[in-house]
Structures are given as structure tokens and as C-alpha cells.
Amino acid sequence: MRVITGTARGRKLVTLDGEDVRPTTDRVKEALFSIIQFEIEGRKVLDLFAGSGQLGIEALSRGARSAVFVDISKGPIEVIKQNLETTGLGKNAIVLNTDSIAFAASRADRYDIAFLDPPYRTGLLQKALPLTANIMNESGVIICEAPFDEELPERVGSFKKIKEYKYGKIKLVTYRFEEN
């Protein structure tokens, strides 16, 4: 796993070992960042269910103003901190060891880009989506990674599902604000 482009291009990122770990593949990560390539510069990013932090780190490397990394487990939090140190991107990052659902439900901050990649088939994505929509700027985008056969809602709050992109057994789903 590596940073694809930007100021930390080529830096190797570490991840936890084990069957429960499912880092986004380079192919899917490249596709994801192609979708939002012109929307990253100067933006506030939320990496919910952050895992290794690779999505938020990629956004920081590409010019995001700041990133908040949220994960409930201590192991991933240590990995995120190590990856931020390796890439030199820690000064624009906040790493929080807390429940992602509780975090999204209790925040007043607003974000421009949100990455949601929770453990598959746990219902966490369906719980997090409407809460995340409530803390997004109107110009923002929510990007979810899910199994290709998992149904996601057409609307969450004021955000509408715009497009699904399929990559083998997984898909990326984008949500954007819809004016009335």
C-alpha cells in the first residue's frame, strides 16, 4: 500500500494484519481519487472508519487543507499515527480514537469530503450515512465503499446518490447535495 500522488507520493503505508483488515486496493483508490481529483485542494476531509488512514492521507498528499481520522480501535489509531509520521502530513491531521457513529452524531464541524469505508455487512454504513450527511457542506461529497451487492439508500438527508462505480466485488458510491 502506498500514497499514489502528491507531496507524499510513493511513500509506503503500513496496515494491520489479520482477516478483519480490508485496506482499499490501489486500483479502487486510484479510481476514487479520479472521481474527485479537482475537488480536493483546500478541502476539509473526514475519514470515518479510517483503518490505516490511507484515504485521508491520500487527500492530504493531494492538497486537502485538513483531515480528521476516526476509528474505534486502538490498533488502527496507532497505524494512522505511524502513517502520518512516515508521510510528514501529521500537522494537518486530527486522529480520534472514538466510535464513528457517535462522532458523526455529535459534531458541529462541517466537512467537504467524507470517506466511509466501515466493516462490510455490519449495518454501520447505513447508520453512518445520514449522520454524515448532516455534517457536510452543501458543496461536499460523501464517498462510500461497500460490497457490490449491498443496497444503499437513494437519499440521505439533503444528499442524493449520484453514481455507483463497480470494481470486482466492491463498489464506490457517491452522494452529493441536492437542492430542493
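Everything in this summary refers to the structure shown in the same document. (Residues numbered from 1 in each chain as written. Predicted model: local features only at pLDDT ≥ 70, side-chain atom pairs only at ≥ 80, totals over all residues. Heavy atoms only, no water.)

A tally of regular secondary structure across the protein gives five helices and eight strands. Mapped in sequence order, the helices and strands of the protein form the string α-β-α-β-α-β-α-β-α-β-β-β-β. In terms of overall dimensions, the protein is globule-like: its C-alpha atoms have a radius of gyration of 15 Å, near the 16 Å expected for 180 residues. Taking the principal axes of its C-alpha atoms as reference, the protein extends roughly 45 × 35 × 30 Å. Classification of the 180 residues of the protein by burial places 47% in the buried group. The long-range fraction of contacts in the protein, counting pairs at least 24 apart against all pairs at least 6 apart in sequence, stands at 61%. Total accessible area computed for the protein in this model is approximately 8,800 Å², and 47% of it derives from carbon and sulfur atoms. Each charge class in the protein was averaged separately, 26 positive and 25 negative side chains, and the resulting centres sit 3 Å apart. (Helix = DSSP H or I, 4+ residues; strand = E, 2+ residues; numbered from the N terminus. Rg over C-alpha atoms; globule rule 2.2 N^0.38 Å. Buried < 20%, exposed > 50% of the residue type's maximum accessible area, 1.4 Å probe, protein only. Contact = heavy atoms within 4.5 Å. Areas by Shrake-Rupley, 256 points an atom, 1.4 Å probe, with all protein chains shown as cover. Lys, Arg positive; Asp, Glu negative; His and termini not counted. Charge placed at Lys NZ, Arg CZ, Asp CG, Glu CD.)

On to helix H2 (residues 54–61). In terms of burial, H2 is a largely internal element, eight of the eight residues being buried. Buried within H2 we find Gln54, Leu55, Gly56, Ile57, Glu58, Ala59, Leu60 and Ser61. In the core, the buried residues of H2 are packed alongside helix H1 (26–35), strand E1 (44–48), strand E2 (66–71), helix H3 (74–87), strand E3 (93–97) and strand E4 (111–116). Remark: Gly63 follows H2 within two positions and exhibits a positive phi of approximately 110 degrees.

In this section: the pattern of salt bridges. Enumeration over the complete set of coordinates arrives at 11 salt bridges. For Arg176, the salt bridge identified is with Glu39, shortest N-O distance 2.7 Å. Remark: Glu39 occurs in the loop between H1 and E1 and Arg176 occurs in strand E8 (residues 170–177); sequence separation between them is 137 residues. Arg155 serves as the salt-bridge partner of Glu178, at 2.3 Å between the closest nitrogen and oxygen. Of this pair, Glu178 sits in the segment after E8 while Arg155 sits in strand E6 (residues 155–156); the two residues are 23 residues apart in sequence, bridging distant segments of the chain. You can call Arg155 partly exposed: its relative accessible area is 48%. Counted as one network, the salt bridges with shared partners bring together Glu154, Lys161, Glu164 and Lys171. (Salt bridge = Lys/Arg side-chain N within 4 Å of Asp/Glu carboxyl O.)

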